[in-house]
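These are the residues of each chain, in order.
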Amino acid sequence: MCGIIGYTGHQSVQPLLIDGLRTLEYRGYDSSGISILSRGKLKTWKAAGKLDSLVGQLPAKPSSGSTGIGHTRWATHGAPTDENAHPHTNNDGAIAVVHNGIIENADALKQSLAPHNIAFASDTDTEVLAHLIALAPGNTLTERVRHTLLKVNGTYGLAVVDANEPGVVVVARNGSPVIIGHGDNEMFVASDMSALARHTREVSHLEDGEMAKLTTKGCEISAIDDRLLHRTGQRSTIIPEEISQQYDRGGYEHYLYREITDQSETVRRTLGGRIDRRFNTAHLGGLNLDARELINLGRIRILGCGSAYYAGGAGADMIESLARIPCSAEPAAEFRYRNPVIERDTLYIVVSQSGETFDTLAATREIKRKGGRVLGIVNGVGSTIAREVDGGIYMHAGPEMSVASTKAYTSMLTCFALLALHLARIRDLSPQRGGALIDALDALPDLIEGALATEEKVITIAEQYHRVNSLFFIGRASACATAHEGAQKLKEISYIHAESYPASELKHGPLALISPETPTVVILPDDDLFEKSFASLAEIKARQGPAIVVTQSTDDRLNTTADAVINVPASDPLLHPIIMGIPLQLFAYHCARLLKRDIDQPRNLAKSVTVE
Ligand code: G6P
C-alpha cells in the first residue's frame, strides 16, 4: 500500500526512480510523483492516475540530479488528485517528503502551525510533515526529521530530501516497511525488496522506531527517540534469489494470467524438499517446534486478511479433519480488536502473501505480547511478519504482482496441506495413509495442470454469464472456503457482485434471491457429502436458477441438472480446495477480460495493505 523509492549516488536518478515506481506500482496506483535534487534545487513532479501520467509530464531529457525520492499512492486521506499525490513539499519547495502510513494527529499538528501562516496545498495527512521539518530546530536534516517525528502519532515509512543538504536522503520507519539497499558509493531505499533487487542484493531492514541517513558513503541508522538504545553491528542481509530474478508478464497481457498458469510450477516450489518419504510425513524445518511440543497442542487459530483469510479457512478444515486438532480461521483485524484470550496450548498461525499486511502484523504482535506462539505462512522472504514470527513455512511462490492473489493462495493451501500431514503424522495418522497423502501431494502439480486444462470450458461459461448483475457461490464443509475465494476473485477483478455461502445456509435466506437472472456456482466435491451438496443444486434448479458446477464427479445426474459442469481431476479430498479453486480463478479472469477491466490493478484496491 503506497510504494516508496529513494536514491543517492552517481547515477541519473530520474529513470531509476521511475523504474522503481514501475515495480512498486502494484502497491497503489491512484497517483505518483518524484522529487529530484539537482544543482542545489529540488524539483518535484506529480500526477493523478497511473504512473504513465507522471511519465508524460517529465522532461524528455532526464533531470541531471542523482539524489531523489518517489512515491506511488493508494489514497487514505484526500482524493486521488495531483495535489494529494506525493512527494509533499514545504512552502518554498526545499523539503520533500514521501510517506506510507497514517499520521493520526495530523489535524492537531496543522493547528500547531497556525502562527506560521502556512498555505496547505493538499488534503493529505502527510503534507504537515514537510512544513514541520522545514520549521524544526536542528542543524541537519536528520535532526529536524527526528524533532518532527517525536511529535507524530501514527504509522509511517518515509523518505525526506532537502535542497540544502545535497546527496542526503533521510528515512524513518514506524509500522510501514522501509528497506535500505547498499550499493557501491550509492544507497537505495524502498518499501519493498523487489524494487531494490535489480540494483543490489545487500539490504538492511529498518525496524520500527528507527531512522537512517543515507549518503553515497553508506547509511547511519539510529533510534528516532535517541534516548532509546539502538541496535549496532552488522545488519544487512542478502535479497533471496527468487526475488532478484526479474518476474515479468511472460508475454501475456496480464500478470494475473501468468500467475494463474504458473501454478503447477509455483506449487512444485512450495513442495520442494518438504516431502519426507522415510517417515511418510512433511519435512518443515522452519516451524521451530518439535514433535513433543506439537503433540500437546489443544487448538490452532489461523489469522489473515482477504484471500489469506479464506486460505486460512480451507487450512483450518484440512488440519482439523486430518490431524483432529480443533482449528478455526478468523480475519486478523477482527481478532485483534476483540481483546482475544491467548491460550497456553493454542498455536496461532498468521497467513500473508506479502508479510506486510498491517492487521496481520498487528495481530502477530498482540499474540506475542500476550505470550502466545505464532507461526507464519508467508511468501515475502525477509518481510516484517516473516521476521517477527516464532517460526513458519515460506511459500516460495515467487513475487506475485497482480493485486488479486492466485498463485500465493494456492501455495498457502499447499503449505496447510503439508502442515496438516505433519501434525497428523505426529498424532494418529498411519504411515500407510501418510504415504498415500504424499503420493497425492507429489501428483499435485500435474493435477493443477489438469485443472488449468478446463480453461476452454470456463471461457464458454464466462462468455455466457459475464453480463449478469450478481452470482452466488456455494460450497459445503471443505468447499465453503473455495466458494468464498471464488466470489472474492470475481468481485475483485470483474466488479460483478458475488456472494458466497455455506451451501447449507442457502435455504435460510439467499434462496429468496435465486431466479433465472442469478446464477449460482456450486462447488460440489466428490466426497462423503456429495449427496447433500447435490440436494442444494436441486434446490437451486427447482427455482429456475442457472447452476454452474465445479466437481470431480462423473455422476450422470449432474449433466442433466446443472447448466454447466466443469470437471476437475480427481484427487485425495485433502487437496480438493487447491484444485477446485483453479477454474474459479480462470472464470474471474475471463469475465474480467470480457468486461475489459483493469485486471492487474483493479479499482480502489492495493496489493499490500500496510495501513489499518
Ligand atoms: C489485499 C489484497 C488481497 C490480499 C490481502 C492480504 O487486500 O488486495 O489480494 O489477499 O491484501 O494480503 P497478504 O499480503 O497479507 O496476503
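Calculation criteria
- Residues numbered from 1 in each chain as written.
- Predicted model: local features only at pLDDT ≥ 70, side-chain atom pairs only at ≥ 80, totals over all residues.
- Heavy atoms only, no water.
- Pairing = 2+ DSSP bridges.
- Helix = DSSP H or I, 4+ residues; strand = E, 2+ residues; numbered from the N terminus.
- Contact = heavy atoms within 4.5 Å.
- Axes fitted to C-alpha atoms, helices over the stretch in contact; angles between N-to-C directions.
- Phe/Tyr/Trp six-rings, centres within 6.5 Å; stacked < 30°, edge-to-face > 60°.
- Buried < 20%, exposed > 50% of the residue type's maximum accessible area, 1.4 Å probe, protein only.
- Near = heavy atom within 4 Å.
- Polar contact = N/O pair within 3.5 Å; in protein donor to acceptor, adjacent residues only side chain to side chain.
- Areas by Shrake-Rupley, 256 points an atom, 1.4 Å probe, with all protein chains shown as cover.
- Nonpolar A, V, L, I, M, F, W, Y, C, P; charged D, E, K, R; others polar.
- Domains from an automatic or database assignment.

(A) Structural view of the sheet that holds strand S12 (residues 210-215). In space, the six strands of this open sheet follow the order S5-S6-S7-S8-S12-S13, with antiparallel pairing throughout. Because the sheet does not close on itself, it has two edges, and the strands there are strand S5 (88-89) and strand S13 (218-223). Sheet topology places strand S6 (residues 95-100) next to strand S7 (residues 156-162); six bridges connect them, and they run antiparallel. Within S7, the position partnered with Ile 95 by the bridge is Asp 162. Its contacts with the sheet place helix H5 (residues 141-149) against S6, S7, strand S8 (169-174), S12 and S13, and it is angled at close to 145° to S7.

(B) Molecular detail of the packing of aromatic side chains. In this structure the tally under the stated criterion is seven aromatic pairs. On the numbers, 5.0 Å between centres and 50° between planes, the contact of Tyr 7 with Phe 188 is tilted. Here Phe 188 lies in strand S10 (residues 187-190) and Tyr 7 lies in strand S1 (residues 3-8), a separation of 181 residues in the sequence. Accessibility classification places Tyr 7 together with Phe 188 in one group, the buried group. Aromatic rings pair up to connect Tyr 252, Tyr 257 and Tyr 589 into one cluster.

(C) A look at the site of the ligand. Taken together, 15 residues surround the ligand, and among them Ser 352, Gln 353, Ser 354, Thr 357 and Ala 606 come closest. Between the ligand and Ser 352, the relevant distance is 2.6 Å, taken from an oxygen atom to a side-chain nitrogen or oxygen of the residue. Contacts to the ligand include Ser 354, whose side-chain N or O atom sits 2.6 Å from an oxygen atom. Summarising the interface, the protein chains cover 90% of the accessible area of the ligand, which totals 390 Å² for the free molecule. Split by residue class, the shell around the ligand holds six nonpolar, seven polar and two charged. Summarising the domain contributions, the shell around the ligand has at least three residues from each of domain 2 (250-450) and domain 3 (453-612).

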